[in-house]
Amino acid sequence: MEILIRMSYGVMIVAVMMCYLLAKKQQRNLRLAVNQFAFAFVKISNYVSPFPPKENLRVEQGTGESVKAMQWEQQPETLRVIMKRAGNDCVVQLYEELCTALEEVSHFCGKNKKLVGQFLVPIQELFDISRIFLLGCENLDNIRTTAEEKAFNQFLKDQLHHRKELLKRISGDASGDYADLNRRYVLTEEA
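It should be emphasised that the depicted structure is a prediction, and the values quoted were computed from it without experimental measurement.

1. Let's talk about the overall build of the chain
Now for step 1: The secondary structure content of the chain amounts to eight helices and two strands.
Now for step 2: The order of helices and strands in the chain, counted from the N terminus, is α-β-β-α-α-α-α-α-α-α.
Now for step 3: Against the compact-globule benchmark of 16 Å for 191 residues, the chain has a radius of gyration of 22 Å, which places it well outside the compact range.
Now for step 4: Each of the three principal axes of the chain carries a C-alpha extent, and together these read 85 × 40 × 30 Å.
Now for step 5: The 191 residues of the chain split such that 37% are buried.
Now for step 6: A separation of at least 24 residues holds for 72% of the contacts in the chain among residues at least 6 apart in sequence.

Here is the structure:
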(Lines give C-alpha, C1' and ligand atoms only; values in the text may rest on other atoms or scores of the structure.)
Protein backbone atom coordinates (compact mmCIF):
# COMPACT_ATOMS: atom_id res chain seq x y z
CA MET A 1 0.00 0.00 0.00
CA GLU A 2 2.81 2.38 0.92
CA ILE A 3 4.40 1.84 -2.49
CA LEU A 4 1.16 2.94 -4.19
CA ILE A 5 1.10 6.16 -2.18
CA ARG A 6 4.72 6.92 -3.14
CA MET A 7 3.98 6.19 -6.78
CA SER A 8 0.95 8.52 -6.63
CA TYR A 9 3.11 11.32 -5.24
CA GLY A 10 5.68 10.67 -7.94
CA VAL A 11 3.02 10.87 -10.66
CA MET A 12 1.70 14.14 -9.19
CA ILE A 13 5.18 15.66 -9.09
CA VAL A 14 5.80 14.66 -12.71
CA ALA A 15 2.40 16.11 -13.72
CA VAL A 16 3.16 19.42 -11.98
CA MET A 17 6.55 19.60 -13.69
CA MET A 18 4.98 18.86 -17.08
CA CYS A 19 2.36 21.59 -16.57
CA TYR A 20 5.10 24.03 -15.60
CA LEU A 21 7.19 23.17 -18.66
CA LEU A 22 4.19 23.42 -21.00
CA ALA A 23 3.24 26.81 -19.54
CA LYS A 24 6.81 28.06 -20.04
CA LYS A 25 6.79 26.83 -23.64
CA GLN A 26 3.44 28.55 -24.27
CA GLN A 27 4.79 31.79 -22.77
CA ARG A 28 7.91 31.57 -24.96
CA ASN A 29 5.87 30.94 -28.13
CA LEU A 30 3.58 33.82 -27.20
CA ARG A 31 6.48 36.23 -26.82
CA LEU A 32 7.93 35.08 -30.16
CA ALA A 33 4.59 35.88 -31.81
CA VAL A 34 4.63 39.29 -30.10
CA ASN A 35 8.17 39.80 -31.43
CA GLN A 36 6.91 39.20 -34.95
CA PHE A 37 4.07 41.69 -34.44
CA ALA A 38 6.31 44.32 -32.83
CA PHE A 39 8.95 44.20 -35.55
CA ALA A 40 6.38 44.44 -38.36
CA PHE A 41 4.55 47.29 -36.60
CA VAL A 42 7.74 49.31 -36.07
CA LYS A 43 8.99 48.66 -39.61
CA ILE A 44 5.71 49.95 -41.06
CA SER A 45 5.94 53.08 -38.95
CA ASN A 46 9.62 53.63 -39.72
CA TYR A 47 8.95 53.27 -43.43
CA VAL A 48 5.88 55.46 -43.77
CA SER A 49 6.80 58.10 -41.19
CA PRO A 50 10.38 58.08 -39.87
CA PHE A 51 9.49 61.03 -37.60
CA PRO A 52 6.10 61.93 -36.14
CA PRO A 53 4.45 64.64 -38.27
CA LYS A 54 3.32 67.87 -36.67
CA GLU A 55 0.05 67.98 -38.61
CA ASN A 56 -3.11 65.98 -38.11
CA LEU A 57 -5.40 64.61 -40.76
CA ARG A 58 -7.69 67.39 -41.92
CA VAL A 59 -11.37 66.55 -41.71
CA GLU A 60 -14.73 68.25 -42.00
CA GLN A 61 -16.98 67.68 -39.01
CA GLY A 62 -20.30 66.02 -39.81
CA THR A 63 -23.28 65.37 -37.61
CA GLY A 64 -22.65 63.57 -34.34
CA GLU A 65 -19.55 61.39 -34.54
CA SER A 66 -19.27 61.49 -38.32
CA VAL A 67 -16.42 63.20 -40.15
CA LYS A 68 -15.28 63.41 -43.74
CA ALA A 69 -11.60 63.55 -44.54
CA MET A 70 -10.73 66.49 -46.76
CA GLN A 71 -9.56 65.75 -50.28
CA TRP A 72 -6.00 64.68 -51.00
CA GLU A 73 -4.97 68.14 -52.22
CA GLN A 74 -6.20 69.76 -48.99
CA GLN A 75 -4.11 67.52 -46.74
CA PRO A 76 -0.72 68.78 -45.47
CA GLU A 77 2.23 67.94 -47.69
CA THR A 78 3.87 65.76 -45.01
CA LEU A 79 0.72 63.63 -44.71
CA ARG A 80 0.47 63.24 -48.47
CA VAL A 81 4.03 61.91 -48.55
CA ILE A 82 3.22 59.51 -45.70
CA MET A 83 0.03 58.31 -47.42
CA LYS A 84 1.90 57.67 -50.69
CA ARG A 85 4.48 55.58 -48.86
CA ALA A 86 1.79 53.56 -47.08
CA GLY A 87 0.69 52.07 -50.41
CA ASN A 88 4.08 50.48 -51.07
CA ASP A 89 4.33 46.70 -51.57
CA CYS A 90 6.71 46.40 -48.62
CA VAL A 91 4.04 47.90 -46.32
CA VAL A 92 1.47 45.44 -47.67
CA GLN A 93 3.80 42.55 -46.89
CA LEU A 94 4.48 43.90 -43.39
CA TYR A 95 0.73 44.28 -42.81
CA GLU A 96 0.29 40.60 -43.72
CA GLU A 97 2.94 39.79 -41.10
CA LEU A 98 0.92 41.83 -38.57
CA CYS A 99 -2.18 39.77 -39.37
CA THR A 100 -0.32 36.47 -39.04
CA ALA A 101 1.33 37.53 -35.78
CA LEU A 102 -2.00 38.67 -34.32
CA GLU A 103 -3.51 35.27 -35.09
CA GLU A 104 -0.58 33.55 -33.37
CA VAL A 105 -0.83 35.80 -30.31
CA SER A 106 -4.55 35.02 -30.11
CA HIS A 107 -3.85 31.29 -30.45
CA PHE A 108 -1.19 31.22 -27.72
CA CYS A 109 -3.31 33.33 -25.34
CA GLY A 110 -6.23 30.99 -25.77
CA LYS A 111 -8.87 31.59 -23.11
CA ASN A 112 -6.40 32.51 -20.39
CA LYS A 113 -7.78 35.82 -19.06
CA LYS A 114 -4.42 36.94 -17.70
CA LEU A 115 -2.63 36.38 -21.01
CA VAL A 116 -5.48 37.91 -23.00
CA GLY A 117 -5.38 41.06 -20.87
CA GLN A 118 -1.61 41.29 -20.83
CA PHE A 119 -0.92 40.46 -24.47
CA LEU A 120 -3.90 40.09 -26.78
CA VAL A 121 -5.88 43.22 -25.82
CA PRO A 122 -3.00 45.72 -26.34
CA ILE A 123 -1.79 43.94 -29.48
CA GLN A 124 -5.34 43.96 -30.90
CA GLU A 125 -5.61 47.72 -30.19
CA LEU A 126 -2.35 48.41 -32.02
CA PHE A 127 -3.49 46.23 -34.90
CA ASP A 128 -6.79 48.13 -35.15
CA ILE A 129 -4.99 51.48 -35.18
CA SER A 130 -2.66 50.22 -37.92
CA ARG A 131 -5.52 48.85 -39.99
CA ILE A 132 -7.50 52.11 -39.79
CA PHE A 133 -4.40 54.14 -40.63
CA LEU A 134 -3.56 52.01 -43.67
CA LEU A 135 -7.18 51.97 -44.88
CA GLY A 136 -7.27 55.76 -44.56
CA CYS A 137 -4.05 56.06 -46.54
CA GLU A 138 -5.50 53.80 -49.21
CA ASN A 139 -8.65 55.90 -49.51
CA LEU A 140 -9.46 58.96 -47.41
CA ASP A 141 -13.17 58.11 -47.67
CA ASN A 142 -12.49 55.22 -45.26
CA ILE A 143 -12.18 57.75 -42.42
CA ARG A 144 -15.82 58.36 -41.50
CA THR A 145 -15.97 58.75 -37.71
CA THR A 146 -14.13 60.72 -35.06
CA ALA A 147 -12.85 57.40 -33.65
CA GLU A 148 -11.29 56.53 -37.03
CA GLU A 149 -9.82 60.03 -37.31
CA LYS A 150 -8.35 59.66 -33.81
CA ALA A 151 -6.91 56.21 -34.66
CA PHE A 152 -5.37 57.56 -37.88
CA ASN A 153 -3.65 60.40 -36.04
CA GLN A 154 -2.79 58.18 -33.09
CA PHE A 155 -0.84 55.78 -35.31
CA LEU A 156 1.39 58.66 -36.40
CA LYS A 157 1.59 60.79 -33.27
CA ASP A 158 1.77 58.21 -30.46
CA GLN A 159 4.48 55.96 -31.87
CA LEU A 160 6.72 56.42 -28.85
CA HIS A 161 3.94 55.20 -26.55
CA HIS A 162 3.09 52.27 -28.86
CA ARG A 163 6.73 51.22 -29.04
CA LYS A 164 7.10 51.29 -25.26
CA GLU A 165 3.99 49.12 -24.90
CA LEU A 166 5.43 46.59 -27.34
CA LEU A 167 8.80 46.64 -25.57
CA LYS A 168 7.09 45.42 -22.37
CA ARG A 169 5.81 42.36 -24.20
CA ILE A 170 8.63 41.17 -26.49
CA SER A 171 11.11 38.50 -25.50
CA GLY A 172 14.33 39.63 -23.84
CA ASP A 173 16.58 38.22 -26.56
CA ALA A 174 14.89 40.45 -29.17
CA SER A 175 15.28 43.69 -27.22
CA GLY A 176 18.61 44.64 -28.83
CA ASP A 177 17.28 44.40 -32.38
CA TYR A 178 14.08 46.13 -31.29
CA ALA A 179 16.10 49.01 -29.79
CA ASP A 180 17.96 49.40 -33.10
CA LEU A 181 14.64 49.87 -34.92
CA ASN A 182 13.60 52.52 -32.40
CA ARG A 183 16.70 54.73 -32.46
CA ARG A 184 15.00 57.68 -34.17
CA TYR A 185 12.19 57.77 -31.65
CA VAL A 186 14.61 57.59 -28.71
CA LEU A 187 16.48 60.55 -30.18
CA THR A 188 13.22 62.42 -30.69
CA GLU A 189 12.26 61.85 -27.05
CA GLU A 190 15.67 63.04 -25.82
CA ALA A 191 15.46 66.18 -27.96
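2. Thoughts on the pattern of salt bridges
Now for step 1: Here the structure, examined in full by the defined rule, presents five salt bridges.
Now for step 2: With its nearest N and O atoms 3.0 Å apart, the salt bridge here joins Arg28 to Asp173. Residue Arg28 is located in helix α1 (residues 2-48), and its partner Asp173 is located in the loop between α6 (159-167) and α7 (175-181); the two are separated by 145 residues in the primary sequence.
Now for step 3: According to the relative accessible area criterion, Asp173 is exposed, its value standing at 55%.
Now for step 4: Put simply, Glu165 and Arg169 hold a salt bridge, and the shortest N to O gap is 3.1 Å. Each of the two residues, Glu165 as well as Arg169, counts as buried.

Thresholds, definitions, all that
Going along each chain's sequence as written, the residues are numbered from 1 onward. For a predicted model such as this one, the threshold for reporting local features is a pLDDT of at least 70, and the threshold for listing and counting side-chain atom pairs is 80 or more; totals across whole chains, interfaces and linings nevertheless cover every residue. Based on all heavy atoms of the structure, the side-chain values leave hydrogens and waters out of the count. Secondary structure counts use DSSP, requiring at least four H or I residues in a row for a helix and at least two E residues in a row for a strand, with both numbered from the N terminus. Here the globule rule reads 2.2 Å times residues to the power 0.38, and the radius of gyration is calculated from C-alpha atoms. Think of it in three bands: with a 1.4 Å probe and only protein chains considered, a residue is buried below 20% of the maximum accessible area for its type, exposed above 50%, and partly exposed in between. Residue contacts are counted whenever heavy atoms from the two residues lie within 4.5 Å of one another. The salt bridge criterion pairs a side-chain nitrogen of Lys or Arg with a carboxyl oxygen of Asp or Glu, the two atoms within 4 Å.

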